[in-house]
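Architecture and fold: a report
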Amino acid sequence: MDTDHTERAEDAALDAYSRVVTGVAARVLPSVAALSVRTARGAGAGSAITVGTDGLLLTSAHVVQGARDGSAAFGDGTEARFRVVGADPLSDLAVLRVDEATVPPVELGDADTLRIGQLVVAVGNPMGLAGSVTAGVVSGLGRSLPARDGRVTRLIEDVIQTDAALNPGNSGGALADSAGRVIGVNTAVAGYGLGLAVPINATTRQIIDDLIAGGRVRRAWLGVAGVPVPLPPEVAERTGQRRGLRVVEVVPGSPAGQAGIYLGDVILSAGGRPVRDGQGLQRLMLGPAIGTRLPVTVLRRGALVDVVAVPTELSR
C-alpha cells in the first residue's frame, strides 16, 4: 500500500473541506448580526441574518419575544438599532428592520433539496462570541419541533437536524450549504451534538413574506384532525403514495364538516398535493388558502371521493 499516496489524498480532501468552509464563512459572515435585546424578563442575545437590501433581518421569534426593538452589531464594526417588523412563534421566525443597511444580504436557498450527510456551516454569535463558524453535516431531515402561540400549538415541520455545534446565542443565525446559500435558521440546541434549524423553503418563504407585508402570519383553518395510516396496496399503487391521514375528528360547522368530510375518511390529497400526515395538511394552511376553494380527495369505504372545502381564518 502506498502510504504517501494515501496521506496526500487525505491532505487533499481536508484541504478541499477547508476551502469550502472558509469560502462559506467569507460569504455569509458579513451578513450575520449579533443581537442585543432587553425585555421585561431581562437582557437577551442572539443572531440575525441580513435578507434584504432595505435593512431587513431574519431571526428566531424566541430571540425577540417580548421586545419591540434592540441593537444589531455587524462584522464590519457597524451597529444599528432594529425594530421588530413581525414575529411568528408558530414557525419561530421573526423579521426585523434596521434604519441603515450596511451589509449585503445573503442568498436564500431551498432546504427541500438537502440530503442527509450533506455539509452545512453554521454562522452565529454563540455565548457572545461574535462571528463564530462551525461545520458539520445534515444528520437528519423531516424532524418536528413543537411551537406554541397562546392557546394554539403547532409543529414546525421539516426541521433540519445537524451536528454542527450550536450554543446559546446561535439562535437566529444562519445554516448554510456548501455554496453559501442559507437553507436554515438555527433555532434550538436539543442536546449534546444535536442542533436544529428551521428550514428555508416555499412554506417559510411565504411566512417571511407575510411578516414583511403585514407584521403577522394569517393561517387558515379546516377543522379536522387525523392520524397517519398506511393505504391499502391497491390504493397505494394507484395514487403513488403509501400513507394518508385518517380523520378522527371533524369540528361541527367547520369548513371540513361543511365540505362533507366525515370521521373515518382518509385524506389522500388537498389542493393537488399529497397528504401523508397532519404536517402535510398544515403546510397548506397559510394565508393564501383563506376563503379559497381547496379540492380534497378522500378514501371512503374503498372509493375515492372528491370534495371541496373553503378554509376560514384561524382566530387566536
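By convention here, each chain's residues receive numbers from 1 onward along its written sequence. Confidence filtering applies because this is a predicted model: local features only for residues at pLDDT of at least 70, side-chain atom pairs given and counted only at 80 or more, and all residues used for totals across whole chains, interfaces and linings. Hydrogens and water are ignored here; the side-chain numbers use all heavy atoms of the structure.

Within an unreviewed UniProt entry, the label attached to the protein chain reads S1-C subfamily serine protease, and the organism entered is Micromonospora palomenae.

**Observations regarding the overall build of the protein chain**
Counting secondary structure elements, the protein chain contains 5 helices and 20 strands. Counting the 316 residues in the protein chain, one finds 47% classified as buried. Note on areas: Shrake-Rupley with a 1.4 Å probe; residue coverage comes only from the protein chains shown. Accessible surface, the protein chain as shown: approximately 15500 Å² in total, 51% of it carbon and sulfur. We count a stretch as a helix when DSSP gives it H or I for four or more residues in a row; a strand needs E for two or more, and each element gets its number in order from the N terminus. Type-normalised accessible area, obtained with a 1.4 Å probe on protein chains alone, sets the label of each residue: buried when under 20%, exposed when over 50%, and partly exposed for intermediate values.

**So, the sheet that holds strand E2 (residues 42-50)**
Strand pairing is defined by DSSP finding a minimum of two bridges between the two strands. Ordered in space as E1-E2-E3-E6-E5-E4, the 6 strands form a closed barrel in which the pairing is antiparallel. Within the sheet, the average angular offset between the axes of one strand and its neighbour, ignoring direction, is 40°. Lines fitted to C-alpha atoms define the axes here, with helix axes fitted over just the stretch in contact, and angles between the N-to-C directions of these axes take values from 0 to 180 degrees.

**Some words on the pattern of salt bridges**
Two side chains with opposite charge may pair up if their charged atoms get near one another. Every case where a carboxyl oxygen of Asp or Glu lies within 4 Å of a side-chain nitrogen of Lys or Arg is listed as a salt bridge. Enumeration over the complete set of coordinates arrives at 8 salt bridges. With its nearest N and O atoms 3.5 Å apart, the salt bridge here joins arginine 81 to aspartate 69. With arginine 81 in strand E5 (residues 79-88) and aspartate 69 in strand E4 (residues 69-73), this pair connects stretches of sequence that are 12 residues apart.

**Considering the side chain of aspartate 265**
Tracing the chain through its elements places aspartate 265 in the loop between helix H4 (255-259) and strand E16 (266-270). Overall, the relative accessible area of 2% leaves aspartate 265 in the buried class. Polar contact is the term for a pair of N or O atoms within 3.5 Å; when the atoms are in protein, one must be able to donate a hydrogen and the other to accept it, and sequence-neighboring residues count only if both atoms are side-chain atoms. Here the side chain of aspartate 265 touches tyrosine 262 through a polar contact of 2.9 Å, landing on its backbone nitrogen. It only takes one pair of heavy atoms within 4.5 Å for two residues to be counted as in contact. Not counting chain neighbours up to four residues away, the residues in contact with aspartate 265 comprise Leu245, Arg246, Val247, Gly260, Val298, Leu299 and Arg300.

**Comments concerning the pairing of E5**
In this sheet, E5 lies alongside E4 in antiparallel orientation, the contact comprising 5 bridges. Paired with alanine 72 across the two strands is alanine 80, which belongs to E5. As consecutive antiparallel partners, E4 and E5 are separated by 5 residues, and within that stretch glycine 77 has a phi angle of approximately 95°, a positive value. Counting the residues between successive antiparallel strands, the hairpin from E5 to strand E6 (residues 93-98) contains 4 residues, one of them, aspartate 92, with a positive phi of roughly 55°.

**What to know about the UniProt feature "domain: PDZ" (unreviewed entry) in the protein chain**
UniProt positions are given in the numbering used here, feature names are shortened, and annotations may be inferred rather than shown by experiment. Per the UniProt annotation, the sites labelled "domain: PDZ" (unreviewed entry) are residues 244-277. Within the segment residues 244-277, helix and strand shares are 15% and 41% respectively, and the terminal C-alpha atoms sit 6 Å apart.

**Some thoughts on the side chain of serine 60**
Mapping serine 60 onto the fold places it in the loop between strand E3 (56-59) and E4. Here asparagine 186 takes part through its backbone oxygen, which lies 3.2 Å from a polar atom of the side chain of serine 60. Contacts of serine 60, omitting those with residues within four sequence positions, involve Asp92, Ala94, Ser171, Gly172, Val185, Asn186 and Thr187.

**Here's the deal with the environment of arginine 301**
Checked against the element boundaries, arginine 301 lands in the loop between strand E18 (294-300) and strand E19 (303-309). Along the backbone, arginine 301 and glycine 264 are 37 residues apart, and their C-alpha atoms lie at a distance of 8.9 Å.

**Remarks on helix H2 (residues 202-214)**
The first and last C-alpha atoms of H2 sit 18 Å apart over 13 residues, in line with the 18 Å expected at 1.5 Å per residue. What H2 keeps buried is the set Thr204, Ile207, Ile208, Asp210 and Leu211. With its buried residues spanning 160° around the axis, H2 presents them on a single face. Exposed side of H2, more than 90 degrees from the buried face: Ala202, Ala213 and Gly214 are the residues found there. Packed against the buried residues of H2 are E3, E5, E6 and strand E12 (194-199). A side-chain oxygen of the first residue of H2 lies 3.1 Å from the backbone nitrogen of threonine 203; this N-cap is asparagine 201. Here the expected length of a helix is defined as 1.5 Å per residue gap, with one fewer gap than residues. Throughout, the arc means that of the directions going from the helix axis to the C-beta atoms.

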